[in-house]
Amino acid sequence: MKGKAIILAGGSGGLGRAVAEAIAKQGGVPVIGYLTNRVRADSLAKKILENYGVRAPLVEGDILDAAVRQRLLGEASNAGELYGLVPLVGIPARVPIESATETDLMNSMRVNFAGPVLLARDFAAAVGERDASIVFVATMQAIGIFPGSTVYAAPKAALVHTARILARQWKIRVNLVAPGVNNAGMAAESVRSGKYDNFIERQVIPRFGQPEDVAGAILLFLQTDGYITGQLLAVDGGLSLRI
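Quick caveat, the model's predicted, so the values are computed rather than measured.

*Asks:* Can you explain a nonpolar patch on the surface? Please cite residues and give values.
*Replies:* The grouping of Leu220, Tyr227, Ile228 and Leu233 at the surface amounts to a nonpolar patch, some 440 Å² of accessible area in total. For Ile228, the location among the structural elements is in the loop between α8 (211–222) and β7 (232–235).

*Asks:* So what's going on with the packing of helix α1 (residues 14–25) against α8? Which residues, and what values?
*Replies:* One can describe the packing of α1 onto α8 by two numbers: an axis separation of 9 Å at closest approach and a directional angle of 50 degrees. One element, α1, and the other, α8, form an angle in the oblique class. Crossing of α1 over α8 shows right-handed handedness. The residues of α8 that touch α1, namely those facing Gly14, Leu15, Ala18, Val19, Ala22 and Ile23, are Pro211, Glu212, Val214, Ala215, Ile218, Leu219 and Leu222. Of the residues that constitute the contact of α1 with α8, the class distribution is eleven nonpolar, one polar and one charged.

*Asks:* An account of the pairing of strand β5 (residues 133–137) is needed here, citing residue identities and associated values.
*Replies:* When you tally the buried positions in β5, you get five out of five residues, the bulk of the element. The side-chain alternation of β5 yields two buried faces, one formed by Ser133, Val135 and Val137 and the other by Ile134 and Phe136. Strand direction decides the pairing type here: strand β4 (residues 81–87) and β5, joined by two bridges, are parallel. Each residue of the ladder has a partner; that of Leu85, found in β5, is Ile134. Relative to strand β6 (residues 173–179), β5 runs parallel, the two sharing five bridges. Note that in β6 the partner of Phe136 across the bridge is Leu176.

*Asks:* Let's hear about the pairing of strand β1 (residues 4–9): which residues, and what values?
*Replies:* Regular strands place their side chains on alternate faces of the sheet. A large share of β1 lies buried, amounting to six of its six residues. What you see with β1 is no split at all: Lys4, Ile6 and Leu8 on one side and Ala5, Ile7 and Ala9 on the other are buried throughout. Sheet analysis places β1 next to β4, joined by six bridges and oriented parallel. From the neighbouring strand, Ala5 faces β4, where its bridge partner is Leu82. Relative to strand β2 (residues 29–34), β1 runs parallel, the two sharing five bridges. Residue pairing in the sheet places Ile7 in a bridge with Val31 of β2. In this view, the connection linking β1 to its parallel neighbour β2 by way of α1 has right-handed handedness.

*Asks:* Could you give an account of the sheet that holds strand β3 (residues 58–60), with specific residues and numbers?
*Replies:* Strands sit in the order β3-β2-β1-β4-β5-β6-β7 across an open sheet of seven strands; the sheet is parallel. The sheet is open, and its two edges are formed by β3 and β7, each paired on a single side. Looking at each pair of strands side by side, their axes are set apart by 20 degrees on average, direction ignored. In the packing of α1 onto the sheet, contacts are made with β1 and β2, and the angle to β1 comes to roughly 180 degrees.

Basis of the calculations
Residues numbered from 1 in each chain as written. Predicted model: local features only at pLDDT ≥ 70, side-chain atom pairs only at ≥ 80, totals over all residues. Heavy atoms only, no water. Patch = residues over 30% accessible without salt bridge, like charges linked within 9 Å, V, L, I, M, F, W, Y side chains within 5 Å. Areas by Shrake-Rupley, 256 points an atom, 1.4 Å probe, with all protein chains shown as cover. Salt bridge = Lys/Arg side-chain N within 4 Å of Asp/Glu carboxyl O. Helix = DSSP H or I, 4+ residues; strand = E, 2+ residues; numbered from the N terminus. Axes fitted to C-alpha atoms, helices over the stretch in contact; angles between N-to-C directions. Parallel < 35°, antiparallel > 145°, perpendicular 65-115°, else oblique. Left-handed = near helix turned anticlockwise from the far one by under 90°. Contact = heavy atoms within 4.5 Å. Nonpolar A, V, L, I, M, F, W, Y, C, P; charged D, E, K, R; others polar. Buried < 20%, exposed > 50% of the residue type's maximum accessible area, 1.4 Å probe, protein only. Pairing = 2+ DSSP bridges. Right-handed = clockwise from strand over helix to strand, strands pointing away.

Written out as structure tokens, the structure reads:
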């Protein structure tokens, strides 16, 4: 992966940090997109430079903004060979369907579906015929039936189906990972609250997932000259098989 530039939209959070470091460890250049938290993004870029000697460009803004998407592509092209995309943006959208408003539904669709797909479209156009890889981040809630998850899960389920369409439609590889109860990102607060302790107590899963578990799956799909496309890999300790 040496010299390959991989765009990590929403890449400064808990999961993004693990993915960025894994990429840098293999000689790749993570291009870190973040919404507003410059301090957190700067801290990650500094750590990557100190530990791996890789300068990770930073791009601020919302990927629903076409100008932000073009800045990400431009920074990646300047930093190395434009090669990979991992959209890590998302909002938990924990609103019951019984009380959800149109705004709730549309906000979840915009952030959890539209932003990643629009960035993937622009990335594919920029890459052209070259070898490249897109890895979308879905959720176990997009493949398993979890009561109360409609507002969040429906856009992610749409993302799963869209990824398969794009994998067939485009030459570049398009895959997905579906994290389960992981101690990172949006799920970390729920794990800390004890919400999912019963999964451990009932031995439904052996442990909570860690950022490195998901990063390893993403790195599998990012390997150059890969032979896998149109696939979804659940990284959930088997939870979606046992609920």
